[in-house]
Amino acid sequence: MGEQGVKRAFKYRFYPTVEQTDQLQRTFGCVRKVYNLALEARSRAWADERRRISYAQTSAMLTEWKRTSEFSYLAEVSSVPLQQALRHLQSAFASFFAKRSHYPRFKSRKHSRATAEYTRSAFTWRNGLLTLAKMSRPLDIRWSRPLPEGAAPSTVTVSRDAAGRWFVSLLVDVRVGQMPPPGNSAVGIDLGLSSLVMLSTGEKVPAPGFGKRDQAYLAKAQKGLARKKKGSRNQAKARSKAARIHARIADRRRDFLHKLSTRIVQDNQLVAIEDLAVRNLMGNRSLARAISDASWSELRSMLEYKCAWYGRELVVVDRFFPSSKTCSECGLVRDALPLALRAWTCEGCGAQHDRDHNAAQNIVAAGLAVSACGGRVSPQRRSSGRAAGDEAGSLMARAMGVSAPEGQRDVKRRTPGRRSSSPPGSTPSRAARG
């Protein structure tokens, strides 16, 4: 099988010395300060003079800031993380001008992620030991898994999470071999809450509910945090205790999703998944906690980059495709299907359907149709996936060997990417349609 070169990050935990802790904390503060200063300068220049400031100009400003008495402490840390902060700000503005994100926001000392990025000129990698700039000793890294043979990091990112744990992420260039094809196997994935994943093969993966499992411990920790005096040391201890519980939940969830996504990619050549407006669904107060715990977006992201790595095809079916209301046997589309109705009988052919399994079968049929016949590639977030648009209904009927129902041909189609007309905070049409 062929191989392709990819950039892959390997994340490890490390334990800094007292001197390294002090140096890294000052670096985090300087990175945040430089980012905020540059954002303020660019915002003021546009507001007052309608003038744009480039990355090169902010880099020159950084040199001038270091020469002032007010910001002379910026020269005490490595200049590379500060330059990287300016590059990240430039990327944020590029995304804003391309209408991919909102206007950049200032970084908060309490709520922003503590991180610093070092490029090749700011660290030394020798004999498996990593030494950062301005440090005399290498980092005490716990190598939970080995790096690929002969790999050398091109970028090093150091971070500290809310639980006080230190991590280092090494970005390396590796060769990834494509997995042997498992035949013509394809799978459709219907995402849910009671069952996290329903596959078109009939396999149901129950939701692990890691957040629900530790909900009592988390509630007790957060209750104790709310009772502590603001700004006190006891409040800091209580905040760290709650953060450790959150970190444990996140680690378990991420491990579970990695294993699940890897198994799906290994066993199937084509993976079809539905596109869900998770941000809109989070507006439902009754389901927001369960949706957040399910982490659908993280599962989709894992499937996307793993399919791209290993030569699999990912098809993302448009969120307006009525997968649950369409009969997978004859293609008849129901007028309505309440969310509480988990099983139903088709009025056209009399077939009995489990709601989630039927949706998964329709999703894989639409994915196969788009893979074979081609279709509108929308919406698409990354280059590793293709999406089935509103024409997937007729394509799916062709893939199943039946004609599209008369009512389906006359359905008014939405333009992919158009926002829903539902008011903010309301349950989006996907939950209402099933």
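Refer to the structure presented above.
Overview of the structure.

Reading the values: rules and limits
Residues numbered from 1 in each chain as written. Predicted model: local features only at pLDDT ≥ 70, side-chain atom pairs only at ≥ 80, totals over all residues. Heavy atoms only, no water. Helix = DSSP H or I, 4+ residues; strand = E, 2+ residues; numbered from the N terminus. Buried < 20%, exposed > 50% of the residue type's maximum accessible area, 1.4 Å probe, protein only. Axes fitted to C-alpha atoms, helices over the stretch in contact; angles between N-to-C directions. Parallel < 35°, antiparallel > 145°, perpendicular 65-115°, else oblique. Left-handed = near helix turned anticlockwise from the far one by under 90°. Contact = heavy atoms within 4.5 Å. Nonpolar A, V, L, I, M, F, W, Y, C, P; charged D, E, K, R; others polar. Phe/Tyr/Trp six-rings, centres within 6.5 Å; stacked < 30°, edge-to-face > 60°. Lys NZ or Arg CZ within 6 Å of the ring centre and 35° of its normal. Salt bridge = Lys/Arg side-chain N within 4 Å of Asp/Glu carboxyl O. Pairing = 2+ DSSP bridges. Core = buried A, V, L, I, M, F, W, Y, C linked by side-chain atoms within 4.5 Å.

### Let's talk about unusual backbone geometry
In the Ramachandran plot, Lys134 falls in the positive-phi region, its phi being about 70° despite a non-glycine side chain. With respect to the helices, strands and loops of the structure, Lys134 is situated in the loop between strand S4 (129–132) and strand S5 (141–142). With relative accessibility at 54%, the residue Lys134 sits in the exposed group. Even without being glycine, Ser295 reaches a positive phi, approximately 55°. For Ser295, a relative accessible area of 13% puts it in the buried group.

### A word on the packing of helix H5 (residues 215–227) against helix H6 (residues 233–267)
Their axes nearest at 9 Å, the elements H5 and H6 cross at an angle of 160°. Of the possible angle classes, the one that applies to H5 and H6 is roughly antiparallel. Taken as a pair, H5 and H6 cross one another with a handedness that is left-handed. Counting all contacts with H5, which are made through Tyr217, Leu218, Ala221, Gln222, Gly224 and Leu225, the residues of H6 involved are Gln235, Ala238, Arg239, Ala242, Ile245 and His246. Residue composition of the contact of H5 with H6, grouped by class: seven nonpolar, four polar and one charged.

### Digging into the packing of aromatic side chains
Counted by the stated rule, this structure contains twelve aromatic pairs. Of the aromatic side chains, those joined through ring pairs into one cluster are Phe93, Phe96, Phe97 and Tyr103. Above the ring of Phe93, the side-chain terminus of Arg42 is found at 4.2 Å from the ring centroid. Lying across the ring of Tyr35, Lys107 places its NZ or CZ 4.5 Å from the centre.

### What about the pattern of salt bridges?
Two side chains bearing opposite charge may form a pair once their charged atoms approach each other closely. Throughout the structure, instances matching the rule amount to 20 salt bridges. Linking Arg26 and Glu76 is a salt bridge whose minimum nitrogen-to-oxygen distance equals 3.3 Å. With a gap of 50 residues between them, Arg26 in helix H1 (residues 18–49) and Glu76 in the loop between helix H2 (55–67) and helix H3 (79–97) connect regions that are remote in the sequence. According to the relative accessible area criterion, Arg26 is partly exposed, its value standing at 31%. A salt bridge links Asp356 to Arg342, with the shortest nitrogen-to-oxygen separation between them at 3.0 Å. Remark: Arg342 occurs in the loop between strand S12 (313–317) and strand S13 (343–345) and Asp356 occurs in helix H10 (residues 355–373); sequence separation between them is 14 residues. We classify Asp356 as buried; its relative accessible area is 12%. In this structure, a network of salt bridges that share partners links the residues Asp161, Arg165, Asp251, Arg254 and Glu298.

### Digging into the pairing of strand S2 (residues 114–119)
Because side chains alternate across S2, one face comprises the buried residues Ala114, Ala116 and Tyr118, and the other comprises Thr115, Glu117 and Thr119, none of which is buried. One ladder, built from six bridges, connects S2 with strand S6 (residues 155–160); its direction is antiparallel. Its bridge partner being in S6, Ala116 is matched across the sheet by Val158.

### Details of the nonpolar core
Counting 73 residues, the largest nonpolar core has Leu132 and Val158 as the members making the most contacts within it. Excluding residues within four positions of it along the chain, Val158 makes contact with Phe14, Leu24, Phe28, Ala114, Thr115, Ala116, Tyr118, Leu132, Trp166, Phe167 and Val168. Counting ten residues, the second-largest nonpolar core is a separate cluster that includes Ala186, Val317, Ile363 and Val370.

### Side note on the side chain of Ser59
Considering the arrangement of structural elements, one finds Ser59 in helix H2. With residues near it in sequence (within four places) discarded, Ser59 still touches Gln83 and Leu86.

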